[in-house]
Amino acid sequence: MSDVTVFIGGVPRRVPSDVTVAVAILNHGTTSFRKSSGGMPRSPVCAMGTCFECRVMVDGKVGVRACITPVAEGMQVETMS
Amino acid sequence: MSRTSHFDVVVVGAGPAGLAAARTATEAGSRVLLVDQYPRPGGQIWRHRPGDALPADAREAIAAAAPPAVSVATRATVVDVDGPRQLIVSFAGRVSRISAGAIVLATGALERLLPFPGWTLPGVTGVGGIQALVKSGLSVSGARVVLAGSGPLLLPVAATLSKAGADVLLIGEQASAARLRGFGARALLDPTRAFQAVRLRWASRRAGFVTDTWPLRAIGAERIERVVMRIDGSERSFECDWLATNAGLVPRTDLAQLLGCTVDTNGIVVDDDQQSIVPGVFAAGECCGVKGETGAAVEGVIAGIRATGGSVLSSLRRKRDQQRRFGRMMQAAFAPRRELIERVTGDTIICRCEDVRRDRLDPSWDQRQAKLWTRVGMGACQGAVCGVACETLFGWSRNTVRPPLDQVAVDSWSRAIREPDPEPGPPEPDERALPA
């Protein structure tokens with residue numbers, strides 16, 4: 001399986017091309033994907049697209065569920081932490 | 001927005017039930033569209049990355065419901081319905097209207113995630129949640145994991161984690177030893193299940209399996225650092241990197257509710273033909289009662305046959321009835337115990353999307369009142385998590401489903417709804433190549 005480069009908070013990271021954005025972020029060592037309305041850190045819970053806790057910004061689009069989104073070459077990922 | 005396409009049968013969900021239904025309906029000569037939310041068919045149980053080794057039955061089921069025989073749309077979600085058997089579907093963000101001769105719902109199950117102090121900390125996931133993450137490539141080598149859930153999913157997840165190099169500190173089942181003995185004695189009469197249980201237990205043999213066990217509170221600053229567990233009457237603290245926990249599975253019924261199907265706590269109500277009270281709308285698998293993959297596949301076959309007007313062998317119905325009984329027995333054995341509800345403190349967050357705490361909710365309300373007054377269930381997940389939690393905690397019914405069922409651009413959604421009814425005509429061959 002080939003690798004792709006994704007940028008997590010601007011930091012380039014080589015990841016296998018078949019992982020999800022959530023896995024790329026977690027394996028990068030980031031645990032806070034977003035801040036809740038009360039300001040608390042949150043991260044993936046269901047990992048199947050239903051809980052929406054893993055929402056991040058991908059290529060400028062907000063509210064993308066990292067757990068069901070495959071990575072792509074050059075993808076820009078911003079956590080909301 | 002493209003024109004409306006017609007399919008004889010639209011199957012929603014590509015797990016064991018949906019794959020079996022799609023294959024069966026196709027073999028009966030029907031033009032079938034199989035839609036699934038995820039990048040690859042297989043559902044949660046057969047979730048995989050390209051090149052992963054899959055069990056033989058999974059490989060066969062996926063291959064038998066693949067293009068060109070079946071039109072398969074992955075990363076596709078039904079977001080709304082518009083009249084009898086008219087589905088508004090988002091294909092990787094592009095919204096289109098699909099008309100169906102019959103619909104087979106095979107939408108599976110969700111984890112029942114119940115609130116307790118600290119459950120919102122990063123590092124606290126569902127049991128199926130951590131399995132999905134590991135199957136998607138999460139590195140857990142050397143990570144300390146506490147598994148504390150309910151039901152037959154625990155052992156396969158423990159095996160997945162151990163194989164990936166995680167240090168599984170504990171496998172905790174919330175159900176009581178007495179209930180498990182009653183269930184186990186009967187389940188183990190089936191040699192396949194007995195063999196499976198022994199094999200899985202062996203794969204995670206280094207971790208202790210305990211009953212009457214559940215997390216009381218998770219503690220940490222930026223992520224979980226430790227969890228206080230209740231283990232058979234006493235409390236014990238574990239330093240850990242991950243806590244994977246649930247209180248079993250619940251049928252996923254949001255689309256069925258939009259279609260007007262009757263839904264009770266066992267899921268979508270279906271008759272002997274797997275048909276719901278809405279003519280032409282069938283259901284199969286966990287969404288009409290959690291029962292496991294074997295029963296799901298049998299129900300999928302029956303739904304596929306009946307959705308295309310074929311006749312079902314009585315031996316197949318008997319096999320289905322047997323699997324249904326097993327499912328009901330399992331759901332009773334692993335029902336969430338009262339103590340799981342008692343963990344909740346006044347400042348425990350119930351609705352994770354809107355940060356609504358327990359002390360802002362009055363159990364004498366219903367779900368609709370609670371939504372209006374506190375925004376519980378009004379956030380991004382639309383109650384997928386807290387709706388189930390409130391049903392378990394307060395007995396509020398989850399009958400408040402509203403479209404769209406998934407994130408969708410509102411302009412394309414409304415355009416799709418305004419489309420006129422389709423003219424009956426020959427199928428359009430180009431629609432076989434739906435976005436994958």
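Note that this is a predicted model, so its numbers are computed, not measured.

The rules behind each value
What you see as residue numbers is a count from 1 along each chain, following the sequence as written. Lettering for chains starts from A, numbering for ligands starts from 1, and both go in the order in which the items are written. Since the coordinates come from a predicted model, pLDDT governs what is reported: local features require at least 70, and pairs of side-chain atoms require 80 or more to be given and counted, while whole-chain, interface and lining totals use all residues. By convention in this description, side-chain values take in all heavy atoms of the structure and omit both hydrogens and water. Strands here mean DSSP runs of E at least two residues long; helices mean DSSP runs of H or I at least four residues long; both are numbered from the N terminus. We compute the radius of gyration from the C-alpha atoms alone; for a globule the expected value is 2.2 Å times N to the 0.38, where N is the number of residues. Type-normalised accessible area, obtained with a 1.4 Å probe on protein chains alone, sets the label of each residue: buried when under 20%, exposed when over 50%, and partly exposed for intermediate values. Contacts between residues were defined by any pair of non-hydrogen atoms, one from each residue, lying within 4.5 Å. Calculation of accessible area relied on Shrake-Rupley with a 1.4 Å probe; when residues are assessed, cover is drawn exclusively from the protein chains displayed. Residues counted as positive are Lys and Arg, residues counted as negative are Asp and Glu, and His and the chain ends are not counted. One atom stands in for each charge, and that atom is NZ of Lys, CZ of Arg, CG of Asp or CD of Glu. In short, buried area is how much 1.4 Å probe accessible area vanishes from two parts on joining, totalled over both. Salt bridges are counted wherever a side-chain nitrogen of Lys or Arg sits within 4 Å of a carboxyl oxygen of Asp or Glu. Here a polar contact means two N or O atoms within 3.5 Å. Within protein one must be a hydrogen donor candidate and the other an acceptor candidate, and residues neighboring in sequence count only if both atoms are side-chain atoms. Only Asp, Glu, Lys and Arg are considered charged, only Ala, Val, Leu, Ile, Met, Phe, Trp, Tyr, Cys and Pro nonpolar, and every remaining residue, Gly among them, polar. The definition of a nonpolar core used throughout is a set of buried Ala, Val, Leu, Ile, Met, Phe, Trp, Tyr and Cys residues joined through side-chain atoms within 4.5 Å.

Caption draft 1: Molecular detail of the overall build of chain A. A tally of helices and strands in chain A yields one helix and seven strands. Helices and strands appear in chain A in the N-to-C order β-β-α-β-β-β-β-β. Compactness check: chain A gives a C-alpha radius of gyration of 12 Å against a globular reference of 12 Å for 81 residues, within 12% of the reference. Along the first, second and third principal axes, the C-alpha atoms of chain A reach 40 × 25 × 20 Å. Expressed as a percentage of its 81 residues, the buried residues of chain A come to 58%. Taking contacts inside chain A between residues at least 6 apart in sequence as the whole, the part at least 24 apart equals 39%. Here chain A displays about 3000 Å² of accessible surface, and carbon together with sulfur accounts for 54% of that area. The distance from the centre of the 8 positive side-chain charges to the centre of the 6 negative ones in chain A is 10 Å.

Caption draft 2: Region of interest: the side chain of Arg 317 of chain B. Residues and elements named next belong to chain B. Tracing the sequence through the fold places Arg 317 in helix 9 (residues 314-333). Relative accessible area serves as the criterion here: at 18%, Arg 317 is assigned to the buried category. Leaving out residues up to four positions away in the same chain, Arg 317 has contacts with Asp 272, Asp 273, Ile 302, Arg 306 and Val 312.

Caption draft 3: Structural detail: the interface of chain A and chain B. With 36 residues of chain A at the contact, the number on the chain B side is 41 residues. Buried area between chain A and chain B, both sides added, is near 3000 Å², and the carbon and sulfur share of it is 54%. It is Val 45, Met 48 and Thr 50 of chain A in chain A that bury the most area against chain B; as a group they hold 20% of the surface buried on that side. A salt bridge links Arg 49 of chain B to Asp 18 of chain A; the shortest N-O distance between them is 2.7 Å. At the junction of chain A with chain B, the criterion picks out 14 residue pairs in polar contact (both at pLDDT 80 or more). Elements represented by at least two residues in the side of chain A that touches chain B include exactly helix 1 (21-27), strand 4 (41-42) and strand 6 (61-65) of chain A. Counting residues per element, the side of chain A that touches chain B draws most heavily on helix 1 of chain A, at four residues. Of the residues assigned to the side of chain A that touches chain B, the class counts are 18 nonpolar, twelve polar and six charged.

Caption draft 4: Layout of the pattern of salt bridges. Residue and element names in this part refer to chain B. Across all of its chains, the model carries 23 salt bridges over all chains by this definition. Between Glu 354 and Arg 375 there is a salt bridge whose closest N-O contact spans 3.1 Å. Remark: Arg 375 occurs in the loop between helix 11 (367-374) and helix 12 (386-394) and Glu 354 occurs in the loop between strand 20 (349-351) and strand 21 (356-357); sequence separation between them is 21 residues. Counted as one network, the salt bridges with shared partners bring together Asp 272, Asp 273, Arg 306, Arg 317, Arg 320 and Asp 321.

Caption draft 5: Structural detail: the nonpolar core. Ranked by size, the top nonpolar core spans 86 residues in total, and within it Leu 147, Leu 161 and Leu 361 of chain B carry the most contacts. Broken down by element, the residue count for this core peaks at six residues, all from helix 1 of chain A. If we ignore the near neighbours within four places in the chain, the residues touching Leu 361 of chain B are Ile 350, Val 356, Ala 370, Thr 374, Val 376, Phe 394 and Trp 396 of chain B. Core analysis: the second largest hydrophobic core is formed by 28 residues, Val 12, Val 78, Cys 261 and Cys 288 of chain B among them.

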